[in-house]
Amino acid sequence: MRPFRLVERDVRPGCREIRVEGELDFSVAGQLREMLEGIAEECTEILIGLQSCEFIDSTGIAIVVSAHQQLAKQGRRVAMYAPTSQVLRILSVTGLTSNGLVFESLDKALLGSEQSSAPEQP
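Residues numbered from 1 in each chain as written. Predicted model: local features only at pLDDT ≥ 70, side-chain atom pairs only at ≥ 80, totals over all residues. Heavy atoms only, no water.

Looking at the pairing of strand S4 (residues 77–81)
The side chains of a regular strand alternate between both faces of the sheet.
And then number 1: Burial runs high along S4: five of the five residues are buried.
And then number 2: The two faces of S4 match: Arg77, Ala79 and Tyr81 on one face and Val78 and Met80 on the other face are all buried.
And then number 3: At this point the chain moves from strand S3 (residues 45–56), through helix H2 (residues 58–73), to the parallel S4, and the crossover so formed is right-handed.
And then number 4: Examined bridge by bridge, S4 and strand S5 (residues 102–103) share two bridges and lie parallel to one another. The partner of Met80 across the bridge, within S5, is Val102. (Buried < 20%, exposed > 50% of the residue type's maximum accessible area, 1.4 Å probe, protein only. Helix = DSSP H or I, 4+ residues; strand = E, 2+ residues; numbered from the N terminus. Right-handed = clockwise from strand over helix to strand, strands pointing away. Pairing = 2+ DSSP bridges.)

Here it is, written out as structure tokens:
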């Protein structure tokens, strides 16, 4: 099991990536919320990379959805991309893969298409 860690980097002007490593659950979700709040003040677009995220629980999902809703009101955007198969199953069950919030790759998330480009659930 990989230890939890958040890694951020600028992708392009006004766009920041947060890569989630390890398990995003109740015990660490506050760290993601704090990072999202700080980044939201300076960026118009936040992309959350899930390629190294081994698990996400309802608390982690709620934080991302809340940030998505808050930023959308301001004409800004939050999107997730490249979920691992386990995380993709969880996001699929919650319906997030069908609303344009989850994308297959960073490139597709950057395009920001109206339709979700999430990988198909096996």
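Overview of the nonpolar core
And then number 1: With 29 residues, the main nonpolar core has Ile46, Ile48 and Met80 as its most contacted residues.
And then number 2: Elements that contribute at least two residues to this core include exactly strand S2 (15–24), helix H1 (29–40), S3, H2, S4 and helix H3 (85–93).
And then number 3: With six residues, the top contributor of residues to this core is H1.
And then number 4: With residues up to four places along the chain from it excluded, the contact list for Ile48 reads Ile18, Val20, Leu36, Val64, Val78, Ala79, Met80 and Tyr81.
And then number 5: Formed by nine residues, the second largest nonpolar core is a distinct cluster that contains Leu47, Ala79, Ala82 and Phe103. (Core = buried A, V, L, I, M, F, W, Y, C linked by side-chain atoms within 4.5 Å. Contact = heavy atoms within 4.5 Å.)

Quick notes on the sheet that holds S5
And then number 1: Across the sheet, five strands lie side by side as S1-S2-S3-S4-S5; this open sheet has mixed pairing. Both edges of this open sheet fall to strand S1 (5–12) and S5, since each of them pairs with a single strand only.
And then number 2: Examined bridge by bridge, S3 and S4 share five bridges and lie parallel to one another. Across the sheet, residue Ile48 finds its bridge partner in S4, namely Met80.

Considerations on H3
And then number 1: All of the buried residues in H3 are Val87, Leu88 and Leu91. Seen along its axis, H3 keeps its buried residues to an arc of 100 degrees; they face one direction.
And then number 2: Tucked inside the fold, the buried residues of H3 contact S3, H2, S4 and S5.
And then number 3: In the stretch just after H3, Gly95 is the one whose phi turns positive, near 85 degrees. (Arc of directions from axis to C-beta.)

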